[in-house]
Structures are given as structure tokens and as C-alpha cells.
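Here is how the chains run, residue by residue.
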Amino acid sequence: MANVSQSASLDSIAAYLKRLHGCDQDTALKEAREVMHNLMAMRQKGFINGWYFDERGHLELLPSDAVQKHLSPPR
């Protein structure tokens, strides 16, 4: 999964938010745009490599190598 850069689209994020929060379609799309903007900003800053939905339907982030080093326990 290391090559994923963006497998969760705006529409799929909106559907996720709609299901999670029970909001209407317009609200879900507005919030999904904000989520997508934030995900892209995190990728541009080098914090993440991408995002995707896991097998349970949860939105997951792929941390960058630099961030991953900070998350890994010391050896």
C-alpha cells in the first residue's frame, strides 16, 4: 500500500462523513472538501504520502518516511 497517494475520492469521503455523522449530502460535501484540502496540505508539507479507506471502511493516512521514523519505537 506504500504507493497509494489518494485512493479516497471527494465523493467517497463525503459518503463516509454522511454515514458517520448522519448529515445531509450538501453538508457532507462541504465537510469532505475541507477534509480533502487538509489532506492535500498535509501531503504538500511532507507529513503524509496519501490516504485511503481500509478494509473496515475507516479513512487512514499513510505517514511519510520522515514522520514514520518519529512514530517508530527507538531500537
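Our subject is the structure that appears above.
Let me begin by describing the structure that accompanies this report. For every chain, the first residue of the written sequence is number 1, and numbering continues from 1 along that sequence. Only residues with pLDDT of at least 70 are given local features in this predicted model, and only at 80 or more are side-chain atom pairs given and counted; all residues enter the totals for whole chains, interfaces and linings. Only hydrogens and water are set aside when side-chain values are computed; all heavy atoms of the structure are taken into account.

### Examining the overall build of the protein
Part 1 of the reasoning: Counting its secondary structure elements, the protein contains three helices and two strands.
Part 2 of the reasoning: Ordering the α and β elements of the protein from the N terminus gives α-α-β-β-α.
Part 3 of the reasoning: Of the contacts made within the protein by residues no fewer than 6 positions apart, 39% connect residues no fewer than 24 positions apart.
Part 4 of the reasoning: Only the protein chains shown count as cover for residues, and all accessible areas are computed by the Shrake-Rupley method using a 1.4 Å probe. Carbon together with sulfur atoms contributes 52% to the accessible area of the protein, which is approximately 5,500 Å² in total. The secondary structure listing takes helices from DSSP runs of H or I that are at least 4 residues long and strands from runs of E that are at least 2 residues long, numbered from the N terminus. The contact criterion used is simple: two residues touch if any of their non-hydrogen atoms lie within 4.5 Å.

### What to know about the side chain of D54
Part 1 of the reasoning: Within the secondary structure layout, D54 lies in the loop between strand 1 (48–53) and strand 2 (59–63).
Part 2 of the reasoning: The classification of residues rests on relative accessible area computed with a 1.4 Å probe and restricted to protein chains. Under 20% of the type maximum is buried, over 50% is exposed, and intermediate values are partly exposed. Under the relative-accessibility criterion, D54 is labelled buried at 11%.
Part 3 of the reasoning: In this structure the side chain of D54 is engaged in a polar contact, spanning 2.9 Å, whose partner is the backbone nitrogen of R56. Two N or O atoms count as a polar contact when they lie within 3.5 Å, although within protein this holds only if one can serve as hydrogen donor and the other as acceptor, and sequence-adjacent residues are included solely when both atoms are side-chain atoms.

### Thoughts on the pairing of strand 2
Part 1 of the reasoning: Here five bridges tie strand 1 to strand 2, and the two strands are oriented antiparallel to one another. Following the sheet pairing, G50 is matched in strand 2 by L62. Paired strands, in this sense, are two strands between which DSSP finds at least two bridges.

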